[in-house]
Amino acid sequence: MVDDTARSRWQARYEQSRVRDADFTTLSGMAVEPAYGTDESEWPGQFPFTRGLYPTGYRGRTWTIRQFAGFGNAEQTNERYHMILGRGGGGLSVAFDMPTLMGRDSDDPKSLGEVGHCGVAIDSVADMETLFRGIDLGAVTTSMTISGPAVPVFCMMIVAAERAGVDTSTLNGTLQTDIFKEYIAQKEWLFTPEPHLRLIGDLMEYCAEQIPDYKPLSVSGYHIREAGSTAAQELAFTLADGFGYVELGLSRGLDIEKFAPGLSFFFDAHVDFFEEIAKFRAARRIWARWLRDVYGAQTEKAQWLRFHTQTAGVSLTAQQPYNNVVRTGIEALSAVLGGTNSLHTNALDETLALPSEQAAEIALRTQQVIMEETGVVNVADPLGGSWYVEALTDQIEAEANAIFDRILAMGGSPLTHADTEALAEATRAGENPVTRGLLRGIEDGWFMSEIAEAAFQYQKALEKGDKRIVGVNCHEHSVTHDLEIMRVSHEVEVEQVRLLAERRAGRDEAAVSAAIERMVAVGRTDDNMMEAMLDACRAEATLGEICDALRAEWGEYREPARF
Ligand SMILES: C[C@H](C(=O)O)C(=O)SCCNC(=O)CCNC(=O)[C@H](O)C(C)(C)COP(=O)(O)OP(=O)(O)OC[C@H]1O[C@@H](n2cnc3c(N)ncnc32)[C@H](O)[C@@H]1OP(=O)(O)O
């Protein structure tokens, strides 16, 4: 008789998979299985991937240690990247300063006092070249956290890679680009949704065709959660944003098998250990079901939800800041038990300033302790089958489904999440039911007020003492001394402005103007803008010049006032 159970199917795939050459016994030397379950339970690597994407879990490959970093100028940040890679970081993650995030040059009057403070200042390709000096962009995966001006910043990275002699079709990494969450939570947009979505469509098309391993979107719940949402809101708003990008790709005629693997995710790991694990597990299975059943994705890679996690910045306290190491360790463990693909652990001083080198190293080592010492990498989805975790996974999924139904209703759709066939039909007919709900919710300020209400309820619970934070509303007495915190000198701004002027003086102004004009002209057609934007970057146009030209063309978005 052929043994055809879920367990045996998993076993067969496990045996065909590559497993790391490592010791997978417990600390005391006990042998453990790569995964546990019953004959017919879902196993790791099986649809809908609640238990993880791979039959091997972390035995195949551990998560990427990807520490978000950037400060001062490109030179200083480049040094930090060499430190991170030198001490075992697995990938890079660029934090930009506020002017860059808003598409402004360092010498823009609006940038005054902000240059290099919350991240690195990037004005042009020359800065990108410095940022990645000595780092092989063809070998290291690089994430860039930027959404409003994501596309021109990405073009600058491509040109920097070209100049370094890298075959750009092999670039691998992630660009955040998630404009929906900007309107919902983070507020770093440039234009109204329509031109942003057009640019994102151009980017998705370009990546799917030219740079297939690159992930042009990191659909982000992190900022939604940090703004005060509940775990279920974070999950549902983020996945709905993801569905919006799927509708965008499909409405542009792109092949879902090619573009869906480029949609990656980014979640928060807050301090409620089990709730977070349940959230990550639910995320994978909701996404896989919608991708297969509503959007018609056939291959596993197109059904997979791959995600990066960052421990919760908002859970860190200025009071007794060393306790933040403990919080971060627990949060990181929840991300790992939830099967994260990539992880950032916050530094203990991040509630006060950008991390000092010492704090950044402790944050990195926190991940390494979990990875190397605790044995949690030995068994895939070790909490699968726990009565509590499974029930919580179902519960958070049900809450998310209720939120999807509200979003669909806001967009005027009579359908619910359960009407899979009809949703598929509406999508094929180009009705974009989720996107319509998203845009209406943004316009009406619905997402913001839902988040604000959740934040308010939590704050009330804190003030009543129902929810407790050590050092803040309980156990307040402490002998902890103040931390030495990192400060970025004003000299950085002065020098960056000087450098920018020098670079402007050395370029061919006529070529810059012509390239920008051509980019704007392409923007008036339905053609893809990527090549024209790449040419503007090759001509040394600055980020501010590119974005200003587009602002002049498309106008700026102003959020409707709400009371
Ligand atoms: C708060 C702050 C702010 O706003 O200020 C921010 O936003 S910070 C935001 C910072 N954001 C980020 O850093 C985003 C980071 N995101 C990413 O790195 C990506 O999007 C990611 C989540 C998909 C992770 O990508 P990654 O390259 O690190 O890791 P992957 O999971 O893709 O794994 C790399 C390769 O190994 C393969 N692989 C992995 N595990 C296994 C396994 N067990 N068996 C076989 N193969 C495996 C994968 O399929 C992939 O290959 P193949 O490619 O062939 O399939």
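Residues numbered from 1 in each chain as written. Predicted model: local features only at pLDDT ≥ 70, side-chain atom pairs only at ≥ 80, totals over all residues. Heavy atoms only, no water.

Chemist: What's the story with the site of the ligand in this structure? I'm lost.
Modeler: In the vicinity of the ligand lie 26 residues, with Tyr54, Thr64, Arg66, Thr174 and His223 positioned nearest. In the environment of the ligand, an oxygen atom lies 2.8 Å from a nitrogen or oxygen atom belonging to the side chain of Arg66. Protein chains shield 82% of the accessible area of the ligand, which is 1100 Å² for the free molecule. Of all the secondary structure elements, the ones that give two or more residues to the shell around the ligand are strand 1 (64-69), strand 3 (142-145), helix 8 (222-226), strand 6 (263-269) and strand 7 (307-311). When the residues that make up the shell around the ligand are grouped by side-chain class, the tally is 5 nonpolar, 16 polar and 5 charged. (Near = heavy atom within 4 Å. Polar contact = N/O pair within 3.5 Å; in protein donor to acceptor, adjacent residues only side chain to side chain. Areas by Shrake-Rupley, 256 points an atom, 1.4 Å probe, with all protein chains shown as cover. Helix = DSSP H or I, 4+ residues; strand = E, 2+ residues; numbered from the N terminus. Nonpolar A, V, L, I, M, F, W, Y, C, P; charged D, E, K, R; others polar.)

Chemist: I would appreciate a short explanation of unusual backbone geometry in the present structure.
Modeler: Phi is mostly negative for residues that are not glycine, and the peptide bonds are mostly trans. With omega at 0 degrees, the peptide bond leading from Phe47 into Pro48 counts as cis. Phi angles above zero are rare outside glycine, and Asn432 is one such case at about 45 degrees. Among the secondary structure elements, Asn432 is positioned in the loop between helix 16 (420-428) and helix 17 (433-443). Classification of Asn432 as buried rests on a relative accessible area of 18%. (Buried < 20%, exposed > 50% of the residue type's maximum accessible area, 1.4 Å probe, protein only.)

Chemist: Please explain the packing of aromatic side chains as it appears in this structure.
Modeler: A ring pair, where both rings are aromatic, is described by two values, the distance of the centres and the angle of the planes. Within the structure shown, the criterion is met by 28 aromatic pairs. Ring plane angle 70 degrees and centroid distance 4.7 Å describe the contact between Phe265 and Trp287, whose orientation is recorded as edge-to-face. On the criterion of sequence distance, the pair formed by Phe265 in strand 6 and Trp287 in helix 11 (residues 273-294) is long-range, its members being 22 residues apart. Using a relative accessible area of 0% as the deciding quantity, one classes Trp287 as buried. Taken together, the ring pairs in this structure connect Phe243, Phe265, Phe267, Phe280, Trp287, Trp290, Tyr295, Phe307 and Phe404 into an aromatic cluster. (Phe/Tyr/Trp six-rings, centres within 6.5 Å; stacked < 30°, edge-to-face > 60°.)

Chemist: For this particular structure, what's the right way to read helix 14 (residues 357-373)?
Modeler: Note on helix geometry: an α-helix contains 3.6 residues per turn, so any two residues three or four positions apart are oriented the same way. The terminal C-alpha atoms of helix 14, which comprises 17 residues, lie 23 Å apart, in line with the 24 Å expected from a rise of 1.5 Å per residue. Taken together, the buried positions of helix 14 are Ala359, Ala360, Ala363, Leu364, Thr366, Gln367, Gln368, Ile370 and Met371. On its buried face, helix 14 is in contact with strand 1, helix 2 (74-86), helix 13 (323-337) and strand 8 (342-344). Following helix 14 by one or two positions, Gly375 adopts a phi angle in the positive range, close to 80 degrees. (Expected span 1.5 Å × (residues − 1). Contact = heavy atoms within 4.5 Å.)

Chemist: Please clarify how the side chain of Thr100 should be interpreted in this entry.
Modeler: Following the sequence through the fold, Thr100 ends up in helix 3 (residues 98-101). Within the structure, the side chain of Thr100 is placed 2.6 Å from the side chain of Asp97, a separation counted as a polar contact. Polar contacts involving the side chain of Thr100 include one to the main-chain amide nitrogen of Ile122, which spans 3.2 Å. In contact with Thr100, other than residues within four places in its own chain, are Val120, Ala121, Ile122, Ile146, Pro149, Val153 and Leu543.

These figures come from the coordinates and say nothing about function on their own.
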